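One letter stands for each residue in the lines below.
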Amino acid sequence: MTKTLKTQVCIVGSGPSGLLLAQLLANAGVDSILLDRKNRSYIESRVRAGVLESGTVAALEEAGVASRLHAEGIPHEGFDLAFDGARHRIDLVGLTGKSVTVYGQTEVTKDLFDARYSAGQQFCFDVEEVVLHDLKSANPSVQFMMDGEKHNVCCDYVAGCDGYHGVSRSAIPAVVLRTFEREYPFGWLGILVDQPPVSDELIYANHEHGFALASMRSETRSRYYVQCDINDKVSDWPDERFWQEFALRLGPETAAKLQTGDSFEKSVAPLRSFVAEPMRYGNLFLAGDAAHIVPPTGAKGLNLAVADIRLLSRGLIEHYNAGKDDYLDNYSSSVLNRVWKVERFSWQLSKLMHQFPDNSPFEKRMQRAEFDYIASSEAASKTIAENYVGLPLE
Ligand code: RFL
Ligand code: PHB
């Protein structure tokens, strides 16, 4: 027996992209079904992004889920780049008039889940064998197994918000889909620790042992990263080794202020740049990590996902509430235009701030010269600042 469900938009994946889309649509009276192969507690516990652009904050306000963000998020007016101990502050507010907000992705997803639950909207969790059908027709459908039962969602549109490892992107025929990819020859090892942050602002450091990032989640919780070998496991990095490397890479002056402790989360993430084109196929729209990945150096992944959703929700709402399809028709090209600019920024900052195993002495000098140039040029600092606070939506 197949259980048939009907909705306007079937959203595959309830990470931040899917959750935000569902919320914006619900607020405009557009019906959706949200499904995920994991459940709420698993999704909420994935420790990822920490820095929100002002456009992302605006989207969360528009969705009506920003009250805790305003109470607990920490506004940041600048951050530091460090190179072998030399520090240069990027004054975000002075250079662009804008700031960013430090607020964890875990909290963003909690707020979105709470809003959907309190509005009595449904979820389909722990689904398996998700298959997208008839995407080129006016009646696409999404099939999956849940609680041992086959389900079929009949809808007008499918939103593929199922991340890099999801199924939506692969529903686009290979002759249509083009992908562009770069893998980086290292990873990031990240920890969470209940100790006050070593600095009031984020520090991105390039040291001859590799990159380090000092970030935070609150005034009492720090999020720290070090560049690690691509094949490293969490077990290769006991806390003592982490603290030793992290302190060394930050330099003695900063390390003197470092408060160490037992980490309570530790994970290794690979670094990748990836773009899939187009982001629309028939009545399927891809958004977020399903269509593009950036290395975390520019803090852009979640922000990029939210920018996609702002445009996609606008298009779907215009379709249902005004009978206009211009935004939907332009979705893929306008989103991709911005995506490529953000890919460029994330790639350049990653190139500048990491030790690449095969970098020649010449390339190392080029990195140092670029840092020195940024530190001495307001124009170069401003370029970084305007990308970091977020490029405008098309
Ligand atoms: P997600 O979060 O991967 O969610 C996709 C959801 O789809 C589900 N799914 C499926 N559901 C149904 N059927 C299937 N077949 C499915 N396959 C998958 C998954 O279970 C999941 O729930 O994608 P989304 O929503 O597009 O959100 C993207 C962001 O999560 C991501 O871009 C950011 O976390 C990236 N990122 C950062 N972004 C920032 O903007 N600022 C940062 O400071 C930042 N730091 C980071 C980061 C990512 C990191 N890692 C671990 C990759 C730091 C790190 C270390
Ligand atoms: C984080 O706090 O997890 C974080 C901050 C900035 C980045 C990446 C990750 O560029």
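What about the site of ligand 1?
Neighbouring residues of ligand 1: 31 residues in total, closest Ser17, Asp36, Arg46, Gln105 and Leu302. With respect to ligand 1, the side chain of Arg46 contributes an N or O atom lying 2.7 Å from an oxygen atom. Between ligand 1 and the protein, one listed contact pairs a nitrogen atom with a backbone N or O atom of Ala299 at 3.1 Å. Here ligand 1, which alone exposes 1,100 Å², has 89% of that area covered by the protein. Secondary structure elements with two or more residues in the shell around ligand 1: α1 (16-27) and α9 (301-322). The biggest single contributor to the shell around ligand 1 is α9, with three residues. Among the residues forming the shell around ligand 1, the class breakdown is 13 nonpolar, 10 polar and eight charged.

Details of the pairing of strand β7 (residues 86-91)
Taken together, the six bridges between strand β6 (residues 78-83) and β7 define a ladder with antiparallel strand orientation. Within the sheet, the bridge partner assigned to Ala82 lies in β7 and is Arg87. The turn linking β6 back onto β7 is made up of two residues, and Asp84 within it adopts a positive phi angle of 45 degrees.

Structural notes on the state of the cysteines
Here the structure, examined in full by the defined rule, presents zero disulfides. There is no disulfide at Cys161, and the cysteine sulfur nearest it, in Cys10, is 10 Å away.

Describing the environment of Glu277
Residue position: Glu277 is located in strand β18 (residues 263-277). Remark: the alpha-carbon pair of Glu277 and His133, spanning 144 residues in sequence, is separated by 20 Å. Beyond its immediate sequence surroundings of up to four residues, Glu277 is in contact with Val176, Leu177, Arg178, Phe180, Leu336 and Trp340. Reaching out from Glu277, the side chain makes a polar contact with the side chain of Trp340 at a distance of 2.8 Å.

What to know about the pattern of salt bridges
By the definition in use, this model includes 20 salt bridges. When the shortest N-O distance is used, the salt bridge between Arg40 and Asp114 registers 2.7 Å. Of this pair, Arg40 sits in helix α2 (residues 40-44) while Asp114 sits in helix α6 (residues 105-118), and the two are 74 residues apart along the sequence. Salt-bridge contacts for Glu181 lead to Arg272; the nearest nitrogen and oxygen are separated by 3.0 Å. You can see Glu181 sitting in strand β14 (residues 178-193) and its partner Arg272 sitting in strand β18, a full 91 residues away along the chain. Residue Arg272 is classed as buried on the basis of its relative accessible area of 18%. Several salt bridges converge on common partners, so that one network encompasses Arg68, Glu72, Glu107, Lys110 and Asp111.

Thoughts on a negative patch on the surface
Taken together, Asp126, Glu128, Glu129, Asp147 and Glu149 make up a surface patch of like negative charges. Relative to the helices and strands, Glu128 is located in strand β10 (residues 128-133).

Remarks on the domain arrangement of the chain
Domains assigned within the chain are domain 1 (2-70 + 105-181 + 272-351) and domain 2 (184-270 + 354-389). When each unit is reduced to the centre of its C-alpha atoms, the spacing between domain 1 and domain 2 is 30 Å. Taken together, the contact pairs 20 residues of domain 1 with 17 residues of domain 2. Carbon and sulfur atoms supply 57% of the area buried between domain 1 and domain 2, which totals about 1,600 Å² over both sides. At the boundary of domain 1 with domain 2, the tally comes to zero salt bridges. Looking at the side of domain 1 that touches domain 2, the elements that each hand over two or more residues are β18 and α10 (326-353). Looking at which element gives the most residues to the side of domain 1 that touches domain 2, the answer is α10, with five residues. The class makeup of the residues in the side of domain 1 that touches domain 2 is eight nonpolar, six polar and six charged.

What to know about the site of ligand 2
What surrounds ligand 2 is a group of 14 residues, the closest being Tyr204, Ser215, Arg217, Tyr225 and Pro296. A distance of 2.7 Å is found between an oxygen atom of ligand 2 and a side-chain nitrogen or oxygen belonging to Tyr204. One nitrogen or oxygen atom from the side chain of Ser215 is found 2.6 Å from an oxygen atom belonging to ligand 2. In isolation ligand 2 has 280 Å² of accessible area, and contact with the protein removes 97% of it.

Digging into the packing of aromatic side chains
What the rule picks out here adds up to 23 aromatic pairs. Taking 5.9 Å as the distance between ring centres and 55 degrees as the angle between the ring planes, the aromatic pair formed by Phe113 and Phe125 counts as tilted. Within this pair, whereas Phe113 is found in helix α6, its partner Phe125 is found in the loop between β9 (123-124) and β10, the two being separated by 12 residues in sequence. Its relative accessible area of 15% is what places Phe125 among the buried residues. By the ring-pair criterion, three or more aromatic residues cluster together here, those being Phe79, Trp188, Tyr204, Phe211, Tyr225 and Tyr388. Of note, Lys38 hangs over the ring of Tyr42, and the distance from its end group to the ring centre comes to 4.6 Å. Taking NZ or CZ as reference, Arg116 lies 5.4 Å from the ring centre of Phe123, over its face.

What counts, and at which threshold
Residues numbered from 1 in each chain as written. Chains lettered and ligands numbered in written order. Predicted model: local features only at pLDDT ≥ 70, side-chain atom pairs only at ≥ 80, totals over all residues. Heavy atoms only, no water. Near = heavy atom within 4 Å. Polar contact = N/O pair within 3.5 Å; in protein donor to acceptor, adjacent residues only side chain to side chain. Areas by Shrake-Rupley, 256 points an atom, 1.4 Å probe, with all protein chains shown as cover. Helix = DSSP H or I, 4+ residues; strand = E, 2+ residues; numbered from the N terminus. Nonpolar A, V, L, I, M, F, W, Y, C, P; charged D, E, K, R; others polar. Pairing = 2+ DSSP bridges. Disulfide = S-S within 2.5 Å. Contact = heavy atoms within 4.5 Å. Salt bridge = Lys/Arg side-chain N within 4 Å of Asp/Glu carboxyl O. Buried < 20%, exposed > 50% of the residue type's maximum accessible area, 1.4 Å probe, protein only. Patch = residues over 30% accessible without salt bridge, like charges linked within 9 Å, V, L, I, M, F, W, Y side chains within 5 Å. Lys, Arg positive; Asp, Glu negative; His and termini not counted. Charge placed at Lys NZ, Arg CZ, Asp CG, Glu CD. Domains from an automatic or database assignment. Buried area = accessible area lost by both parts, 1.4 Å probe. Phe/Tyr/Trp six-rings, centres within 6.5 Å; stacked < 30°, edge-to-face > 60°. Lys NZ or Arg CZ within 6 Å of the ring centre and 35° of its normal.

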